[in-house]
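Chain by chain, the residues run as shown.
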Amino acid sequence: MRAGSLRNRVVIKHLVPGRSSTGAAASVWVELCRVWAEVKGVSGRTYVAASGEQSEVTMEIRMRFRADVQARMRVLFKGQAFEVMAPLPDARSTSLLLMCKTVKP
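Residues numbered from 1 in each chain as written. Predicted model: local features only at pLDDT ≥ 70, side-chain atom pairs only at ≥ 80, totals over all residues. Heavy atoms only, no water.

Asks: Even after reading the chapter, I still don't get the pairing of strand 6 (residues 95–102), so can you show me in this structure?
Replies: Two faces make up the sheet, and in a regular strand the side chains alternate between them. Summarising burial for strand 6: 6 of the 8 residues are buried, a large majority. In terms of strand pairing, strand 5 (residues 80–89) meets strand 6 through 7 bridges, oriented antiparallel. Bridged to proline 89 within strand 6 is leucine 96. Two successive antiparallel strands, strand 5 and strand 6, enclose a turn made up of 5 residues, where serine 93 displays a positive phi of approximately 55 degrees. (Buried < 20%, exposed > 50% of the residue type's maximum accessible area, 1.4 Å probe, protein only. Helix = DSSP H or I, 4+ residues; strand = E, 2+ residues; numbered from the N terminus. Pairing = 2+ DSSP bridges.)

Asks: Can you help me understand the pairing of strand 5 in this one?
Replies: Sheet topology note: the strand 4 (residues 74–77)/strand 5 ladder contains 4 bridges and is antiparallel. Of the residues in strand 5, the one forming a bridge with arginine 74 is glutamate 83.

Asks: I would appreciate a short explanation of the state of the cysteines in the present structure.
Replies: Applying the stated criterion to the full structure yields 0 disulfides. Left without a disulfide partner, cysteine 33 is nearest to the cysteine sulfur of cysteine 100, which lies 12 Å away. Among the residues examined, cysteine 33 registers a relative accessible area of 8% and is labelled buried. (Disulfide = S-S within 2.5 Å.)

Asks: Is there a simple way to think about empty space enclosed by the protein in this case?
Replies: Where empty space is left in the structure can be found by rolling a water-sized probe over the atoms. Evaluation of the coordinates by the stated rule reveals 1 cavity of 30 Å³ or more. Its volume calculated, the largest cavity comes out at about 40 Å³. Looking at the largest cavity, the residues that line it are Glu38, Lys40, Glu60, Ile61, Arg62 and Leu97. Contributing elements (two or more residues each) for the lining of the largest cavity: strand 2 (25–49) and strand 3 (52–64). (1 Å grid on protein atoms, 1.4 Å probe; cavity = no way out; pocket = protein on both sides within 12 Å on 5 of 7 lines; lining within 4 Å. Points joined across faces, edges and corners; volume = space filled by probe spheres on them.)

Asks: When you look at the nonpolar core in this model, what are you seeing that I'm missing?
Replies: Generally speaking, soluble globular proteins have nonpolar side chains that are buried together. In terms of nonpolar packing, the biggest core is built from 18 residues, with Ile12, Met63, Val75, Leu98 and Cys100 touching the most fellow members. Take this core: its biggest share by element is 4 residues, from strand 2. Beyond its immediate sequence surroundings of up to four residues, cysteine 100 is in contact with Val57, Thr58, Met59, Ile61, Val75, Phe82, Glu83, Val84 and Met85. (Core = buried A, V, L, I, M, F, W, Y, C linked by side-chain atoms within 4.5 Å. Contact = heavy atoms within 4.5 Å.)

Asks: Please explain the pattern of salt bridges as it appears in this structure.
Replies: A side chain of one charge can pair with a side chain of the opposite charge when the charged atoms of the two come close. Applying the stated criterion across every chain, the model contains 4 salt bridges. Of the charged contacts in the structure, one is a salt bridge between glutamate 31 and arginine 34, with a shortest N-O distance of 3.1 Å. Since its relative accessible area comes to 49%, arginine 34 is described here as partly exposed. With its nearest N and O atoms 2.7 Å apart, the salt bridge here joins glutamate 83 to arginine 72. Of this pair, glutamate 83 sits in strand 5 while arginine 72 sits in the loop between strand 3 and strand 4, and the two are 11 residues apart along the sequence. (Salt bridge = Lys/Arg side-chain N within 4 Å of Asp/Glu carboxyl O.)

Asks: Help me out: how do you make sense of unusual backbone geometry in this one?
Replies: With the exception of glycine, the majority of residues adopt a negative phi angle, and the majority of peptide bonds are in the trans configuration. Positive phi is not limited to glycine here, since arginine 72 has a value of about 80 degrees. The class of arginine 72 is exposed, set by a relative accessible area of 58%. One non-glycine residue, serine 93, adopts positive backbone phi at about 55 degrees. Mapped onto the fold, serine 93 is located in the loop between strand 5 and strand 6.

Coordinates in, geometry out; function isn't part of it.
Here it is in structure tokens:
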């Protein structure tokens, strides 16, 4: 993997169970790591659901291999959050391709 293509700084977060200020059970997104990555937009679509127009963007994020990145984690890039649908390592475990989609606010 060539370092020159890893131009974008992304933050990977995972969900941790915790408590709110009132003591109720609540989950919190906690930063796992900040890494350099290559971010590419793969596709986008607009559809009608729940009586409104929705949009969804699919992204490919390529980074150096990490064994601790899993599906259902989030990647933050330029103020947008993306959900990791599938982390796909290459055959030699040198790089990791994250297939992601936009997170609904």
